[in-house]
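Spelled out from the first residue to the last, the chains are:
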Amino acid sequence: MFINKLLILLMVFVTSLVLALPEDTKQPIEVEAQSVVVDETTGFSEFSGNAVVRQGSLLLSAELIQVQTDNEEVVSMIAKGSLEKPAKYIQSQENQARFVEATASQITYDVDKGMVFLVGTARLVQGFDSFSGDTLDYDINNDKVIVKGNKYGTERVKFKITL
């Protein structure tokens, strides 16, 4: 029963992340990991050990994926990787010829704010445009990208826009 709830909650997350292909929402959600912890009383779930979440064209992978829910709705999702093996997000968008791809040491999705936060060697490729820096905030609702270098000034922001 709780696995069914978890899959429904993940589906809510996946369908609201970006302007995905319409058929993605109709696809089954597949979760693979070495271990899974689900705590229905707190709404916290954790997938660890090369965790992978797939639904249609969406792929989210990391060493650790944590999901926080409240009232059977996803509140946030955190994918944690490392510099050597970053967390990865890939999904096809209806208005793009290419996949949206993001990598970082940590990827956090805040459902209420409609924001994706990339921290640690952050990189986002959207269509033929790419953005990279120490941190990257992606405002899904307003299609806005905010990229910052590190606080020491040793890493600068890079972007490439192809018209």
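Residues numbered from 1 in each chain as written. Predicted model: local features only at pLDDT ≥ 70, side-chain atom pairs only at ≥ 80, totals over all residues. Heavy atoms only, no water.

The next point concerns the nonpolar core. Of all hydrophobic cores here, the largest spans 27 residues; its most connected members are Ile 65, Ile 107, Leu 118, Leu 124 and Leu 136. Of all elements in the fold, only strand E3 (44-55), strand E4 (58-70), strand E5 (73-80), strand E6 (87-92), strand E7 (99-104), strand E8 (106-110), strand E9 (115-126) and strand E10 (129-139) reach the threshold of two or more residues within this core. When residues of this core are assigned to their parent elements, the largest contribution, five residues, is made by E4. Once you skip the residues sitting within four places of it in the chain, Leu 136 turns out to touch Val 116, Phe 117, Leu 118, Ala 122, Leu 124, Phe 131, Val 145, Ile 146 and Val 147. (Core = buried A, V, L, I, M, F, W, Y, C linked by side-chain atoms within 4.5 Å. Buried < 20%, exposed > 50% of the residue type's maximum accessible area, 1.4 Å probe, protein only. Helix = DSSP H or I, 4+ residues; strand = E, 2+ residues; numbered from the N terminus. Contact = heavy atoms within 4.5 Å.)

Another aspect to go through is the side chain of Asp 110. The residue Asp 110 is located in strand E8 in this model. Despite its burial, Asp 110 pairs with no opposite charge; the closest candidate is Lys 113, at 4.3 Å N-O. Here the side chain of Asp 110 touches Lys 113 through a polar contact of 3.0 Å, landing on its backbone nitrogen. Each residue touching Asp 110, except ones within four places of it in the same chain, is listed here: Val 75, Met 115 and Phe 117. (Lys, Arg positive; Asp, Glu negative; His and termini not counted. Salt bridge = Lys/Arg side-chain N within 4 Å of Asp/Glu carboxyl O. Polar contact = N/O pair within 3.5 Å; in protein donor to acceptor, adjacent residues only side chain to side chain.)

Take the pattern of salt bridges next. Under the criterion given, the structure shown has one salt bridge. Between Arg 54 and Glu 32 there is a salt bridge; the shortest N-O distance is 3.1 Å. Of this pair, Arg 54 sits in strand E3 while Glu 32 sits in strand E1 (residues 29-32); the two residues are 22 residues apart in sequence, bridging distant segments of the chain. A relative accessible area of 42% means that Glu 32 is categorised as partly exposed.

We now examine the pairing of strand E2 (residues 35-39). In this sheet, E3 lies alongside E2 in antiparallel orientation, the contact comprising five bridges. Bridge assignment links Val 37 to a residue of E3, and that residue is Glu 46. Connecting E2 to the next strand, E3, in antiparallel fashion are four residues, including Gly 43 with a positive phi near 80°. (Pairing = 2+ DSSP bridges.)

Take the environment of Ala 102 next. Residue position: Ala 102 is located in strand E7. In contact with Ala 102, not counting residues within four places along its chain, are Ala 87, Lys 88, Tyr 89, Ile 107, Leu 118, Arg 123 and Leu 124.

What follows is about the pairing of E5. In this structure, E4 lies alongside E5, joined through seven bridges in antiparallel fashion. Within E5, the residue paired with Val 67 across the bridge is Met 77. In sequence, E4 turns back onto E5 through a hairpin of two residues, with Asn 71 there showing a positive phi of about 55°. Examined bridge by bridge, E5 and E8 share five bridges and lie antiparallel to one another. Its bridge partner being in E8, Ser 76 is matched across the sheet by Asp 110.

Coordinates in, geometry out; function isn't part of it.
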